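# Structural characterization, general
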Amino acid sequence: MNLPTAPSPTLLLPGDAFPPTFEWGVATSSYQIEGAAKEGGRTPSIWDTFCRVPGAVHNGDHGDVACDHYHRMPQDVALIKSLGVDSYRFSVAWPRVQPHGRGPVNPEGLAFYDRLVDELLTNGIKPWVTLYHWDLPQELEDAGGWPNRDTAYRFADYAMMVFDKLQDRVETITTLNEPWCSAWLGYHVGVHAPGRKDFRASIDAVHHLLLGHGLATQRMRAAETTPHRYGITLNMGTADPAEDTDADRDAARRADGMGLRLYLDPLRKGYYPPDMVDELSQQGIALPIQDGDMEIIAEPFEVLGVNFYFGQDFSGVDEQGRTHGDDGQPVVRQVFPGTARTAMDWPITPERLTQLLVRLHRDYPGLPLVITENGAAFDDTADEQGYVADDDRTTYFAEHLAAVAEARNQGADIRGYFAWSLMDNFEWAYGYDKRFGIVHVDYDTQKRTPKQSAVWYRDTIAQYRD
Ligand code: IFM
């Protein structure tokens, strides 16, 4: 596909902001783009089920067809190539590769990813595999889901099916995408599949997600025939006190503890943050740790994927002026910085990305970072050809890339950046209403049209080539 040659906005970054070795990419995930939900032996995931719950997903949308990527993969790879990126981050659908979440591999399902990897390599694009981007086989949820310890072992078995097939051609393999979303949104808040509202279960899920990551990483490394880059992707923001008060500082500490340290401390330090363990125990909750688990979870890995969308402030006082809620727990109230917002109503806070990256470098040293997702939904207006002149999204990318460059200046070891997302897709509980793509998708015709931000991204990447 030839992209338009119309001039992009002059939001060019300094010519030396990124070295030629910097890895540029675009990202997607299986359930958000593939469609073909009932083809090739795929069985339902928790998202297929959740989408059928009345009121769970905007407009009753679901991923049955999505972007029909399963049938349009070669054209989509050509589209990726036209952007001039180095790498493509995609996820593998567990219920396609191992229907029902147990038992033998499904050769037809695995063959799709085998073809995708070959197509990418033929086009000079490096595949970056995510093993789990939220599409848990429904039968495993029926057996207890992530709060059930057995799911961690099932995940490691499934990981090996993918690894055995692809390890000869894929260098970078990350286990989980955003385990916070799986645990917190899926099992505590209930706005993501499977839609449970059980805080205790969500804490069990945290531990078993991390255990699954460690088990899978250990088994893949033990079976590798050449060295790979293993990792995990976390969604992270910043948590600052809304005001300089003890209550707000404490609320920010709690938010940071539940959102970031509860994951990164065990992964990198081998223990859960003591202040969080204390707080949980005051609620009568203990992480379900068994002998040897923490060593497995702390299995070394080579890259941390950072998904960043916005930073937040926190207050320890609610709107009624109370410091404790009805449940007796201290208030942790999210306060958005007073900046412009995206169509998700998320604040636009590029300077917080610098803050996060520098903090990760300081608090978790020796860990190369790659931005595996960053991007924004806006209310796009497409012209008759499907073209979107998305100044807002283009500016978002330019400001966030400048923030990445600034973090590099300050010493953070950042090796790459992936735009979220390659194309408009199924945005979970928001259905197809929110568009994150740098490529517009007409869902009636499945026509893909690069937006202005895609042209800008291509030109920006080209600026840093040798
Ligand atoms: O679309 C999601 C993606 O699946 C995970 N990270 C955040 C994106 C935007 O909400």
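Residues numbered from 1 in each chain as written. Predicted model: local features only at pLDDT ≥ 70, side-chain atom pairs only at ≥ 80, totals over all residues. Heavy atoms only, no water.

Check the secondary structure of the protein and you find 15 helices and 13 strands. For 466 residues, the compact-globule estimate of 2.2 N^0.38 gives 23 Å, and the C-alpha radius of gyration of the protein, at 21 Å, lies within 12% of that figure. Dimensions of the protein, computed from the C-alpha atoms along their principal axes, are close to 60 × 50 × 45 Å. Counting all 466 residues of the protein, 60% fall into the buried class. (Helix = DSSP H or I, 4+ residues; strand = E, 2+ residues; numbered from the N terminus. Rg over C-alpha atoms; globule rule 2.2 N^0.38 Å. Buried < 20%, exposed > 50% of the residue type's maximum accessible area, 1.4 Å probe, protein only.)

Here we take up the side chain of T217. On the secondary structure map, T217 appears in helix α9 (residues 199-223). The class for T217 is buried, based on a relative accessible area of 1%. With residues up to four places along the chain from it excluded, the contact list for T217 reads T175, Y230, E299 and P300. (Contact = heavy atoms within 4.5 Å.)

In terms of nonpolar packing, the biggest core is built from 126 residues, with W47 and L304 touching the most fellow members. Leaving out residues up to four positions away in the same chain, W47 has contacts with Y31, V57, W134, V191, H192, A193, F426, W428 and A429. By size, the runner-up hydrophobic cluster in this structure holds 16 residues, among which are Y309, A377, W420 and F436. (Core = buried A, V, L, I, M, F, W, Y, C linked by side-chain atoms within 4.5 Å.)

Let us look at the site of the ligand. Around the ligand, a shell composed of Q32, H133, W134, N177, E178, Y309, W346, E373, W420, E427, W428 and F436 is seen. At 2.8 Å, a side-chain N or O of H133 approaches an oxygen atom of the ligand. For the ligand, whose accessible area on its own is 280 Å², the fraction buried by protein is 95%. In this structure, the ligand is accommodated by the largest pocket. Residue composition of the shell around the ligand, grouped by class: six nonpolar, three polar and three charged. (Near = heavy atom within 4 Å. Polar contact = N/O pair within 3.5 Å; in protein donor to acceptor, adjacent residues only side chain to side chain. Areas by Shrake-Rupley, 256 points an atom, 1.4 Å probe, with all protein chains shown as cover. 1 Å grid on protein atoms, 1.4 Å probe; cavity = no way out; pocket = protein on both sides within 12 Å on 5 of 7 lines; lining within 4 Å. Sits in = over half its atoms within 2 Å of the grid points. Nonpolar A, V, L, I, M, F, W, Y, C, P; charged D, E, K, R; others polar.)

Another point: the pattern of salt bridges. What the rule picks out here adds up to 47 salt bridges. A salt bridge links R458 to D459; its shortest N-O distance comes to 3.0 Å. Within this structure, D250, R253, R254, D256, R261, D275, E279, R359, R362 and D363 form a network of salt bridges that share partners. (Salt bridge = Lys/Arg side-chain N within 4 Å of Asp/Glu carboxyl O.)

This part takes up the layout of surface pockets. Within this model, the largest pocket holds a volume of roughly 1,500 Å³. Residue assignment for the lining of the largest pocket shows that the elements contributing at least two residues are α8 (179-189), α10 (246-269), α11 (274-282) and β8 (312-315). Counting residues per element, the lining of the largest pocket draws most heavily on α10, which supplies six residues. Along the lines of polarity and charge, the residues of the lining of the largest pocket split into 27 nonpolar, 14 polar and seven charged. (Points joined across faces, edges and corners; volume = space filled by probe spheres on them.)

Okay, helix α15 (residues 452-463) next. An α-helix turns once per 3.6 residues; consequently, residues spaced three or four apart project the same way. Across its 12 residues, α15 extends 17 Å between first and last C-alpha, which sits within 8% of the 16 Å expected from 1.5 Å per residue. The element α15 is largely enclosed, with a buried count of nine among its 12 residues. Of all the positions in α15, only Q452, S453, A454, V455, W456, Y457, R458, T460 and I461 are classed as buried. If you follow the buried residues of α15, they end up packed against β1 (23-27), α3 (69-82), α14 (391-409), β11 (414-420) and β13 (447-450). (Expected span 1.5 Å × (residues − 1).)

Now for the sheet that holds β11. The eight strands are arranged β1-β2-β3-β4-β5-β7-β10-β11 in a closed barrel whose pairing can be described as parallel. Going across the sheet, the axis of each strand differs from the next one's by a mean of 25°, ignoring polarity. Bridge count for strand β10 (residues 369-373) against β11 is three bridges, and the pairing is parallel. Bridging across to β11, I371 finds its partner in Y417. This element, α10, spans β5 (229-235) and β7 (303-307) of the sheet and lies at about 160° to β5. (Pairing = 2+ DSSP bridges. Axes fitted to C-alpha atoms, helices over the stretch in contact; angles between N-to-C directions.)

Before going further, it helps to examine the packing of helix α7 (residues 150-166) against α9. Close contact between α7 and α9 brings their axes to 8 Å; oriented N to C, the two are set at 35°. Regarding α7 and α9, the two cross each other, and that crossing is right-handed. Between α7, through A152, Y153, F155, A156, D157, A159, M160 and F163, and α9, the contact on the second element is made entirely by H208, L211, G212, H213, L215, A216, R219, M220 and A223. Looking at side-chain class alone, the contact of α7 with α9 contains 12 nonpolar, three polar and two charged residues. (Left-handed = near helix turned anticlockwise from the far one by under 90°.)

Turning to its location among the elements, H228 is positioned in the loop between α9 and β5. For H228, a relative accessible area of 7% puts it in the buried group. Within the structure, the side chain of H228 is placed 3.2 Å from the backbone oxygen of V170, a separation counted as a polar contact. Polar contacts involving the side chain of H228 include one to the main-chain carbonyl oxygen of T226, which spans 2.7 Å. Beyond its immediate stretch of four places on either side in the chain, H228 contacts F163, Q167, V170, E171, I173 and E302.

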